[in-house]
Amino acid sequence: RSVRVDLSGGRQPEPWISRKMLKKREPLLVEHLSKCEDETMVPVLASKKASELPVNEVACILQADLQYGLNHGEVTRRRAYHGWNEFDISEEEPLWKKYISQFKNPLIMLLLASAVISVLMHQFDDAVSITVAIIIVVTVAFVQEYRSEKSLEELGKLVPPECHCVREGNLEHLLARELVPGDTVCLSVGERVPADLRLFEAADLSIDESSLTGETSPCGKSTAPQPAATNGDITSRSNVAFMGTLVRCGKAKGIVIGTGENSEFGEVFKMMQAEEAPKTPLQKSMDLLGKQLSLYSFGIIGVIMLVGWLQGKHILDMFTIGVSLAVAAIPEGLPIVVTVTLALGVMRMVKKRAIVKKLPIVETLGCCNVICSDKTGTLTKNEMTVTHLFTSDGLHAEVTGVGYNNAGEVILDGEVIHGFSNSSISKIVEAGCVCNDAVIRNNTLMGRPTEGALIALAMKMGLESVQQEYIRREEHPFTSEQKWMAVKCVHRTQQVGLVSLASLPQQINCLYLFVFLP
């Protein structure tokens, strides 16, 4: 049996060849197919170019379906070509290199030189004591920093960046590192943009880009193509959401145009990799002390040798005396005191549930007066739960259970409320469920925590299916300024419409409203 293979790269096809001949040309075939695959692989669009093109053209270039998303086979193929959506950190140094790097301290190097000189002068007691001091300092610093690095690695695995992505027509909750160019991503309030996105849907969307551009005020976003004449720097690209920025209000959908180091944030990352970390005040002081001691040691040796030479004494004897005095002047106990003190500081920070990666940072941290930290998702779990219900007719119900699940009950005057057994309570829960964009699947929330708490409340009362009974016609999304959200819906079977409004308590006194539609 024979097969026909075109290895001509678009030229006239070759004649029929046998299986034996084909095996001989397998390497050429694989190389040819590999080149063809690279040529047909979708490119990574620069944000400047993507912002100037209509969304349909962007989707065409990326060979993607905006509503259906990519299939899993295509995702695997693109990931093999473009890589993971993460920054390529340089390979981890082996442990022996990390241990050797601890000797780069000028004071440690000075002590090493003193130990070597002591051995050459047959002062073995001094050489042993100095060597033991060096080993203690280096080992304590290495072990403490190694433990801190491993703890930080484990923490990074606990809270990886996540996103909501449409694949094969289904909304999926994924790790941000799994995204590839052409994916469709959904954004909502409080989420970090997982990759560079060309927006094709945006409802009152405002994004905080201060981490990338330095602009303090949030930037309003739209979906219209950007005219080339006004497309300057990245701050002018109003239809692109950049990786690492924060959604302040509204919601949107976008197609991934750049991942990892191919994003705008990736360019910043490359520049940061080229910069060296600045030294702490303690490190600068210790370096200065090491240089001064070295200078004084050489000065002492030079002065003693000069005086001895002027007095007519043997120059080698004078050199030996000068070296002995210089070695004795070096405080070999100082590095031990500093290292142990810093190590104790690190252990005290661990008891306070804080991890310090490098020992000298403890001293820098002690100089801080104010520490600014992100609260949501960092100091808290970014999880909300409904605990009490109040109605306009004076009813007060308590809600038990935590988490995004149906574990819990709604209790009114000792009686469990379920379904529509109490009209006032049920209508509030129904409004919160209908006026909602969140989804809970397998006890995992896809959406905003506030809306997730309302869905969990509906699950506890058995009303989570109410949302499917209405077709949404219009929506006014929640913003931090107006502090309310409203949707206009129509029932699937009945000729009645529902305008549902959810709000913060201090903004409005009603939570639901029914109106009849013609």
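Residues numbered from 1 in each chain as written. Predicted model: local features only at pLDDT ≥ 70, side-chain atom pairs only at ≥ 80, totals over all residues. Heavy atoms only, no water.

Asks: With reference to specific residues and values, describe the confidence of the model for the protein chain.
Replies: Taken as a whole, the protein chain shows an average pLDDT of 77; of its residues, 81% reach a score of 70 or greater. Note on residues 506-518: pLDDT under 50 across the span, and 32 contacts to partners over four residues away in sequence or across chains. (pLDDT = per-residue confidence, 0-100. Contact = heavy atoms within 4.5 Å.)

Asks: Go over the sheet that holds strand 8 (residues 388-390) with me, naming the residues and quoting the values.
Replies: Here four strands make up an open sheet; going across it, the order is 8-9-10-11 and the pairing antiparallel. Of all the strands in the sheet, the pair left with one neighbour each is strand 8 and strand 11 (415-417). Across the sheet, the mean angle separating the axes of adjacent strands is 35° when strand polarity is ignored. As judged from the three bridges shared by strand 8 and strand 9 (residues 396-399), these two strands associate in the antiparallel manner. (Pairing = 2+ DSSP bridges. Helix = DSSP H or I, 4+ residues; strand = E, 2+ residues; numbered from the N terminus. Axes fitted to C-alpha atoms, helices over the stretch in contact; angles between N-to-C directions.)

Asks: Which residues make up the pattern of salt bridges, and what values go with them?
Replies: In total, this model carries 10 salt bridges according to the counting rule given. Where Glu 264 meets Arg 237, a salt bridge forms, and the shortest distance between an N and an O atom there is 3.6 Å. In this pair, Glu 264 sits in helix 10 (residues 264-274) while Arg 237 sits in the loop between strand 5 (219-220) and strand 6 (240-241), placing the two residues 27 residues apart along the sequence. Taking the relative accessible area as the measure of exposure, Arg 237 reaches 7% and is therefore buried. Through salt bridges that share partners, Glu 74, Arg 77 and Arg 78 make up one connected network. (Salt bridge = Lys/Arg side-chain N within 4 Å of Asp/Glu carboxyl O. Buried < 20%, exposed > 50% of the residue type's maximum accessible area, 1.4 Å probe, protein only.)

Asks: Provide a residue-level description of the packing of helix 7 (residues 106-120) against helix 11 (residues 281-310), including the pertinent values.
Replies: Running from N to C, helix 7 and helix 11 cross one another at 30°; their axes reach a closest spacing of 7 Å. Residue-level contacts link Pro 106, Leu 107 and Leu 110 of helix 7 to Met 286, Asp 287, Gly 290, Leu 293 and Ser 294 of helix 11.

Asks: Now, about the pairing of strand 9: what can you tell me, with residues and values included?
Replies: Every second residue of strand 9 is oriented toward a common face, the buried set being Ala 397 and Val 399 and the non-buried set His 396 and Glu 398. The antiparallel hairpin formed by strand 8 and strand 9 contains five residues in its connecting segment, where Gly 394 sits at a positive phi of about 90°.

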